[in-house]
Amino acid sequence: MKDKNILSVQNLTMHYRTRKGDVSAVDDVSFDLARGQSLGLVGESGCGKTSIAFSLLRLLPENAQLLSGNVYLDGCDVLALDEKEVRKIRWRGISMVFQAAMNALDPVYRVGDQIIEALQTHFRGLSEAEARERVRELFPLVGLDPGLMDRYPHEFSGGMRQRAIIAMALSCEPRVIIADEPTTALDVIVQDRILGELRAIQQKMDMSMIYITHDIAVIAEVSDRIGVMYAGRMAELASAVDVFEKPLHPYTHALMNAFPSIEGEKQELKALPGEPPDLLSPPSGCRFHPRCSRTIEKCMGLQPPFEEMGAGHFVACWNPLEVGNG
Amino acid sequence: MGENSTLVNVVGLEKRFPVSAGVFGRLRGHIHAVDEISFEIPSGRSLGLVGESGCGKTTTGKLLARLLDPTDGHIYLNDEELGKIDLAEIRGQELKTFRRRVQIIFQDPYESLNPRRTIYDTVEEPLRVQGIGGMAEREARVVKLLELVGLTPASSFLFRFPHELSGGQRQRVAIARALVVNPVFVIADEPTSMLDVSIRIGVMQLMTELAERLNVSYLYITHDLAVARYMCQEIAVMYLGKIVEQGETEEMIRHPQHPYTRALFSAVPVPNPRRNRIAIEIKGGVPTPIDPPQRCRFYDRCLSGDDFCLNNDHPPLDDKGAGHRVACYKV
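Residues numbered from 1 in each chain as written. Chains lettered and ligands numbered in written order. Predicted model: local features only at pLDDT ≥ 70, side-chain atom pairs only at ≥ 80, totals over all residues. Heavy atoms only, no water.

Participant: Is there a simple way to think about the overall build of chain A in this case?
Facilitator: Counting its secondary structure elements, chain A contains 10 helices and 12 strands. Relative to a compact globule of 326 residues, whose C-alpha radius of gyration would be 20 Å, chain A shows 21 Å and is just as compact. Its C-alpha atoms put chain A at 65 × 50 × 45 Å along the principal axes. Per-residue burial for chain A yields a buried fraction of 53% across its 326 residues. Within chain A, counting contacts between residues at least 6 apart in sequence, those at least 24 apart form 66% of the total. Counting every atom, chain A has about 14400 Å² of accessible surface; 49% of that belongs to carbon and sulfur. Across chain A, 34 positive and 44 negative side-chain charges occur, with their mean positions spaced 3 Å apart. (Helix = DSSP H or I, 4+ residues; strand = E, 2+ residues; numbered from the N terminus. Rg over C-alpha atoms; globule rule 2.2 N^0.38 Å. Buried < 20%, exposed > 50% of the residue type's maximum accessible area, 1.4 Å probe, protein only. Contact = heavy atoms within 4.5 Å. Areas by Shrake-Rupley, 256 points an atom, 1.4 Å probe, with all protein chains shown as cover. Lys, Arg positive; Asp, Glu negative; His and termini not counted. Charge placed at Lys NZ, Arg CZ, Asp CG, Glu CD.)

This is the structure we're talking about:
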């Protein structure tokens, strides 16, 4: 029987070794991703969201150390694989659309050829003609004219290049796609079209997706579930509606009140005091406690466990908000 | 000066950049970055200039700060101290005096501060250049400004370097530096777009509070409509070098009228997972503004354009009631 979760991350902890000491980039993070589901990871710079993505793909820099945890992709422990086996997982198991990936296309090769190369690397025995046919099918999916496949990257606009990268990420039919700030460098109209296409592809191909972004409005629109990260830890994980309407963690609540919107009446925005901590020496106990309005004594000394407080609603907080207080 | 007096009055402002091609640099045409725009900013109010990349909003900001020379047009500043002057005309010493009244804040606080200067030197420099006050007076003024922008106690920041500060703190330094000479008008080009969510609101609130307290007007340049909504009393939307719509902020957000503004506003994601936002479609992507045809700049992407739009010049920015101005024949 197939597990309902395609991806399961358990107690992942990762440090970066630096000259100044260890940076606690990801600390005891757990989450599941169900088949066909989209999970949004949201948080500010340095909160560890991109480090998680790199850990899942085993694309970490040399100074990164995976200290503990397991990552199961379809039951297979990704962290236990050797480099050769990992290479099979990348692209076909998990593929990733990087931030500003549109600059990742090689300027001297035709766009279509770059996707064909990726395809032929991962599917040995696939002929050139078959690979071309596959690209011709992929282009319309991401809103590109198949006639453009023999053009060079400089002939594409930023939005078109980002679409080509998404086509490349889709080409090997991965089980999970990670999109790290896929539209951050793009203008709002182009962003809207690309997010729309990604959602449509996800539904059509029943794909599982992880969106990573700092933009709360984008995450609200693309995610079934949302994980809110703060300073290397998962603060809260719940359905998108629950995160927005019934946040339990004071940080989630504060984020929601700090995000301007053009929708509805103009709400008063509330600034958060202080700044995110330096992860070379993170605060003791709950990492949010120096900035939190609900800190109690326990918060300063003890790390709150990441626990389920309602159906599918996880939070790490000693003094969470009451339900309905959001 | 009264509430409703005009502080800045821009008339027919234009900036063209030559485009050359080939090994001999033959002139291929001109990019019409800012194409005969006119607008006013009343004293004590702020105008948000919004649009997509390449629409000319940053060039407009640089023209108003006189970091670029306009090709044509006028920028009138009605200032208590300097009287009515045309910023497009001033040169030399006049330009230096003008910098006391008009300042600019840039997007990237990591790039805009000199890494080898202390915070004190950075904030004091405009005073020194302008020859304002003696040493003691200048120091007192720098301390006061640092405290105003929330870098307290100022003494703990004075002799630090930019790399010792966070992004939010650096942007506060940039704001202090801009305001230290008592300007009446500040051009702010995406001042919060590099900052994290939890830091950004603090800087936005600080800028709003200082504007009221010091009676400063902003030209707030941003691609983020939601930010413009919170920072400005009025919004102007630019497209291909033209202002296509301008009006009071809430009126614009609720009833955008130009087909481009409607599409742009409808594409903004909203932080509400229950809301099923429907985007208004437009055709294609933004063309390059190299010698554009005389007709409406938006014609090629517009779904409501007709032969009249095709055969006439770009429509004038007409008042369609209550100061809501729209450049469209179909509205």
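Structure shown, so let's carry the discussion forward.
Participant: Explanation requested: the packing of aromatic side chains in the structure shown.
Facilitator: A ring pair, where both rings are aromatic, is described by two values, the distance of the centres and the angle of the planes. Overall, the coordinates contain 10 aromatic pairs over all chains when judged by the stated rule. For the pair Tyr 239 of chain B and Tyr 260 of chain B, a centre-to-centre distance of 4.5 Å together with 50° between the ring planes defines the contact as tilted. A residue pair is termed long-range when its members are at least 10 positions apart, and Tyr 239 of chain B in strand E9 (residues 234-239) and Tyr 260 of chain B in helix H9 (residues 259-266) qualify at 21 residues. Residue Tyr 239 of chain B is classed as buried on the basis of its relative accessible area of 2%. A ring pair is formed by Phe 308 of chain B and Tyr 329 of chain B, whose centres lie 4.9 Å apart and whose planes are at 85°; its orientation type is edge-to-face. Residue Phe 308 of chain B is located in helix H10 (residues 307-311), and its partner Tyr 329 of chain B is located in the segment after strand E12 (325-326); the two are separated by 21 residues in the primary sequence. What links up through ring pairs into an aromatic cluster is the set Tyr 230, Tyr 251 and Phe 288 of chain A. A cation sits over an aromatic face here: Lys 266 of chain A above Tyr 230 of chain B, 5.3 Å from the ring centre. Over the aromatic face of Tyr 76 of chain B sits the side chain of Lys 84 of chain B, whose NZ or CZ is 4.8 Å from the ring centroid. (Phe/Tyr/Trp six-rings, centres within 6.5 Å; stacked < 30°, edge-to-face > 60°. Lys NZ or Arg CZ within 6 Å of the ring centre and 35° of its normal.)

Participant: Whenever I open this one, unusual backbone geometry confuses me. Can you help?
Facilitator: Leaving glycine out, the prevailing phi sign among residues is negative, and the prevailing peptide bond configuration is trans. Residue and element names in this part refer to chain B. Note that the residue after Thr 152, namely Pro 153, is joined by a cis bond; omega there is -10°. Secondary-structure assignment places Pro 153 in the loop between helix H4 (135-148) and helix H5 (167-179). In this structure, Glu 36 is a non-glycine residue whose phi angle is positive, near 50°. Of note, Glu 36 is situated in strand E2 (residues 26-42).

Participant: Explain the interface of chain A and chain B here, please?
Facilitator: Facing the 37 residues of chain A at the interface are 41 residues of chain B. Both sides of the chain A and chain B interface together cover about 3600 Å² of buried area, and 56% of this is carbon and sulfur. In this structure, the connection of chain A to chain B is made through five salt bridges. Linking Asp 192 of chain A and Arg 277 of chain B is a salt bridge whose minimum nitrogen-to-oxygen distance equals 2.6 Å. Applying the counting rule to chain A against chain B returns 18 residue pairs in polar contact (both at pLDDT 80 or more). Taken together, the elements giving at least two residues each to the side of chain A that touches chain B come down to helix H6 (188-205), helix H7 (216-222) and helix H8 (240-245) of chain A. Broken down by class, the residue content of the side of chain A that touches chain B amounts to 18 nonpolar, seven polar and 12 charged. (Buried area = accessible area lost by both parts, 1.4 Å probe. Salt bridge = Lys/Arg side-chain N within 4 Å of Asp/Glu carboxyl O. Polar contact = N/O pair within 3.5 Å; in protein donor to acceptor, adjacent residues only side chain to side chain. Nonpolar A, V, L, I, M, F, W, Y, C, P; charged D, E, K, R; others polar.)

Participant: Sorry if this is basic, but what is going on with the sheet that holds strand E3 (residues 47-50) of chain B here?
Facilitator: Within a beta sheet, neighbouring strands are joined by backbone hydrogen bonds and run either parallel or antiparallel to one another. All names here are of chain B. The eight strands are arranged E6-E7-E8-E3-E9-E10-E12-E11 in an open sheet whose pairing can be described as mixed. Edge positions in the sheet fall to strand E6 (102-105) and strand E11 (318-319), since each of these pairs with one other strand and no more. Pairing of E3 with E9, which is carried by four bridges, proceeds in the parallel orientation. Looking across to E9, one finds that Leu 47 is bridged to Glu 234. Packing of H5 onto the sheet brings it into contact with E6 and strand E7 (185-189), and relative to E6 it is tilted by some 170°. Across the face of the sheet, helix H6 (residues 197-214) comes into contact with E6, E7 and strand E8 (217-222) while running at roughly 155° to E8. (Pairing = 2+ DSSP bridges. Axes fitted to C-alpha atoms, helices over the stretch in contact; angles between N-to-C directions.)

In short, the description is geometric, and any link to function would need to be established separately.
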